[in-house]
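Chain by chain, the residues:
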Amino acid sequence: MNPLRLLAVACLLALSRCKTVRYRTDEEGAPGTVIGTLADEMPVKAPGEMSFRLMRQFSNSSLVKVREEDGQLSIGEAGLDRERLCGQAPQCVLAFDVVSCWRERYRLVHVELEVRDINDNAPRFPRAQMALEVSESAAPGTRLPLEVAVDEDVGSNSIQSFQVSLNSHFGVEAQTRADGARCADLVLLQELDRERQPSYTLELVAKDGGSPARSGTATVHVRVLDANDNSPAFAQGSVTVELPEDAPPGSLLLDLDAADPDEGPNGEVVYAFGSQVPTEARRLFRLDPRSGRLTLEAAVDYERTRTYELDVRAQDRGASPRTATCTVIVRLTDVNDNAPRISISALRGAASAAGVAYVSEAAATESFVALVSATDRDSGANGQVRCSLRGHDHFTLQRAYEDSYMIVTTAALDRERIPEYNLTVVAEDLGSPPFKTVRQYTVRVSDENDNAPLFAKPLYEVAVPENNPPGAYITTVVARDPDLGHNGKVTYRLLETQVMGAPISTYVSVDPATGAIYALRTFNYEILKQLDLRIQATDGGSPQLSSSTLVKVRMVDQNDNPPVIIHPVLTNGTVEIGVSSKTSRDSLVAQIKARDADDGANAELTFAFLEEPQQDLFTINPSTGDIVLRGDLSEELGQLFKVILTVTDNGRPPLATTATVNFLVTATAPSSIQEIAKPSSWEGKALQWDIPLIVIIVLAGSCTLLLVAIITIATTCNRRKKEGFAAAPSYSKEPAPPVAIWKGHSFNTISGREAEKFSGKDSGKGDSDFNDSDSDISGDALKKDLITHMQNGLWACTAECKILGHSDRCWSPSCGRANPHPSPHPSAPLSTFCKSTSLPRDPLRRDNFYQAQLPKTVGLQSVYEKVLHRDFDRTITLLSPPRPARLPDLQEIGVPLYPAPSTRYLGPQTDTAEKV
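Our subject in this report is the structure included herewith. Values in this document were obtained by computation on a predicted structure and should not be read as measured data.

### Here we look at the environment of Gln536
Relative to the assigned elements, Gln536 resides in strand S41 (residues 530-538). Through-space distance from the C-alpha of Gln536 to that of Val477 is 10.0 Å; in sequence the pair is 59 residues apart. At 2.8 Å, the side chain of Gln536 and the side chain of Arg493 are in polar contact.

What follows is the structure in structure tokens.
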């Protein structure tokens, strides 16, 4: 700090804490007139660093204004009217207090402003017309009291002289009353003669001593009365009486007696107050008109009026009554009948209420809090007051001036520990007995932003199940701030960070008012297992304070992923495994490997066969998925064994995946277990063919395909005409919308024209009449037949079966049989469905399969006619069955076409039929 400033501070502290400054100004000054500057009166001049504030104690701030920067005093908008402020008091002093602040140090300045009188009021009489009566026998020098003229100015500006219009009988003489007021008496200069002049009209003028002088006039009418020789006479012309202010009403002050030597009515004296006795005195004192006893009518107050002057007039009752006057002066003596009064004023402009002061908890020691003023209306020792402060050691009283004290702090304050102090101010006078006044005063500590928000826990840990909906509630963090108002209003926000390359604000949101945390997206345990959030709580103070906490959101795994078979690779949910007929018992045939994206028990897998292979040839290890041969295959060369494999997890509820495993008994075993039948490269490419390309290929080779179809149908009918079903291709000249049907282990999509081959109702014959029930092609008949087939376990039938005739329980012919006469075109793309593609006959396992969609037909034609007039269009798409968990997008894939191995052996027909 600058050494000069240190010296200035030391000088300021060395001075007293209160300074009295006196100024003078004339009344009726223009608003804004500068009276003086308080900064010039300060011992340390630090412009720009000091401030001045008027105390709340001075209620009428419109009289005097104080400029805050330098304490310049100026006349307010209301102006200064000495007569309105002080009345007839000889001296008018306006006192008020100003607090100066310099670097958190408060200093009290007591200002006494004397308002000087100017001659702004003219004298005036109570009435413009005054009536007097005087006896013609009145001796020269007789005084006739006139009504008192009033001039609101004081001093030399008040009434100084009186004049009466020129005449030969009356003059005027000014008098000074005991209370300092000037009055006039009309003086008789020479004897009167009523018969010569019964009345007089005089002009009375009252002048003040101002410059220029002002005057007031009144007209005096004097009526001359008939003579009464003797006037009543008092023993003394003036009497003084002392009366204690606590004298009870009815007390006798004086017994007046005026003597009149006349007899009869002219000697009977009546007493009355003179015209100059004010109304207030007439209310307090009573004069008996017959006896002249002066008594106290009501209680008097020394602190209100200390002296009363009473003019008593004694008048006889003669025809021309004569009067005499006597002045009675009543002086009151003080008694200790008033308790001290306490006035406590807070710093003007501070947020305060009646009986309450506010001080900042950041206030320095010995900071000014409030001004205590103690007054007593009594005089002498009865009016001397001493004050004390009780209640708390954090505050004390320091004398400011005379009977004024300052409440100042003695220690540092902490609102969060003690927000309010109840103080007791005791004022006691020095009278006997003394009077005491007790005043309760409250000091409230105003809040400062000195506390940061504090979280209930430094670390929050919460578990949220995955697959939650967006907007799901996660948890609520709570931070408390002991400060008040904006300093204690807490708002929450999420501190930004990156999670998997994205802002964390895209994952969760925080309610800024409540601290509630909500999810903005669905969480996936398999992708994100834990999310760490940093929440910041900030108060509304200035400067703002903040703190943060860590919220760890742990995702709880749900069983939402079914098992996936990863080895061997499935094709349309089916895999074909070659098994050598020479494989010995208890040999490992294949290994099924699956995985589950879930965790814990949800990922524990169990392998099983839904249908045990015939003769218990194959078993699977529930834990490892190893398939072991349990039977003898030496006699099963060329046979195909189908089983339904299911892989189930241990979740609640469990999810399962089902696949069809076809075991093909071969003459030569593969080199290793991993050599499992896979789809040909031609099949994989079929997925990428579009319909126009397929149509072009079909049209280009239609002649060749038609020839192959005729030869195949003829050969098949010749060999299996007794079995009632055969496989035959469908012909279509133009593509139609595909129809999804269930065949075997999955959905197949066939062309719309091929779907027309399906019959809504089966009669068990190869043909039917147009009008019988078998030929009903209406929508209702199709629905009834479809329901009947579903109830019988038959959901769909192949086109070949329809062409060659079928029964209610027929299925596709086995694809495991080989033609004993090889076709001359073995590589032709002709495929039929084998017996393994049929629906399971167990009605309990139909829930996961969809019904066949059978379109209506417009007419009934011959089955053979349909075949001959349709091009071969065998494009079939398989759709995966629905799964109980998440449904992946179903994609259409083509039916795999396998070329018949040259070494494959097919057994007799009867044996194959028995193994189905």
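### Thoughts on the pattern of salt bridges
What the rule picks out here adds up to 20 salt bridges. The salt bridge involving Lys65 is made with Glu77; its shortest N-O contact spans 2.0 Å. Here Lys65, found in strand S4 (residues 64-66), pairs with Glu77, found in the loop between strand S5 (72-75) and helix H2 (82-86); they are 12 residues apart in sequence, far enough to count as distant. Looking at Lys65, the relative accessible area reads 36%, which means it is partly exposed. A salt bridge links Asp185 to Arg143, with the shortest nitrogen-to-oxygen separation between them at 3.6 Å. With Asp185 in strand S12 (residues 182-188) and Arg143 in strand S9 (residues 143-145), this residue pair connects regions lying 42 residues apart in the sequence. Residue classification places Asp185 among the buried positions, given a relative accessible area of 11%. Given the relative accessible area of 36%, Arg143 is considered partly exposed. Taken together, the shared-partner salt bridges in this structure form one network comprising Arg67, Glu69 and Asp70.

### Observations concerning the sheet that holds strand S50 (residues 640-649)
Spatially, the four strands line up as an open sheet ordered S44-S51-S50-S47, and their pairing is mixed. The open sheet is flanked by strand S44 (574-580) and strand S47 (605-609), the only strands paired with a single partner. Averaged over all pairs of adjacent strands, the angle between their axes in this sheet comes to 30°, without regard to strand direction. Relative to S50, S47 runs antiparallel, the two sharing five bridges. Within S50, the position partnered with Leu605 by the bridge is Asp649.

### Considerations on the state of the cysteines
Per the counting criterion, the structure on display carries one disulfide. Across the disulfide, Cys86 is cross-linked to Cys92 (sulfur-sulfur distance 1.9 Å). The chirality of the disulfide connecting Cys86 with Cys92 is right-handed, given an S-S dihedral of about 60°.

### Digging into unusual backbone geometry
Here the residue pair Ser211 and Pro212 is connected by a cis peptide bond, since its omega of 0° sits within 30 degrees of zero. Inspection of the secondary structure assignment puts Pro212 in the loop between strand S13 (199-208) and strand S14 (215-225). Cis rather than trans, the peptide bond between His567 and Pro568 has omega equal to -5°. With respect to the helices and strands, the residue Pro568 is situated in the loop between strand S43 (564-567) and S44. For Glu28, which is not glycine, the phi torsion reads 65° and is therefore positive. You can call Glu28 partly exposed: its relative accessible area is 44%. Of note in the backbone geometry, Asn572 takes a positive phi value of approximately 55° without being a glycine.

### Points about the environment of Ile535
With respect to the helices and strands, Ile535 occurs in strand S41. Relative accessible area serves as the criterion here: at 0%, Ile535 is assigned to the buried category. In this structure, Ile535 is in contact with Phe455, Val477, Tyr492, Arg493, Leu494, Val510, Ile517, Ser547, Ser548, Thr549 and Val551, ignoring residues within four places of it in sequence.

### Concerning the pairing of strand S36 (residues 491-494)
The alternating pattern of S36 places Tyr492 and Leu494 on a buried face, while none of Thr491 and Arg493, on the opposite face, is buried. Two strands pair when backbone bridges link them, and S36 and S41 are joined in this way by four bridges, in the antiparallel orientation. When the bridges of S41 are listed, Thr491 appears paired with Thr538.

Thresholds, definitions, all that
Residues numbered from 1 in each chain as written. Predicted model: local features only at pLDDT ≥ 70, side-chain atom pairs only at ≥ 80, totals over all residues. Heavy atoms only, no water. Helix = DSSP H or I, 4+ residues; strand = E, 2+ residues; numbered from the N terminus. Polar contact = N/O pair within 3.5 Å; in protein donor to acceptor, adjacent residues only side chain to side chain. Salt bridge = Lys/Arg side-chain N within 4 Å of Asp/Glu carboxyl O. Buried < 20%, exposed > 50% of the residue type's maximum accessible area, 1.4 Å probe, protein only. Pairing = 2+ DSSP bridges. Axes fitted to C-alpha atoms, helices over the stretch in contact; angles between N-to-C directions. Disulfide = S-S within 2.5 Å. Contact = heavy atoms within 4.5 Å.

By themselves, these figures tell us nothing about what the structure is for.
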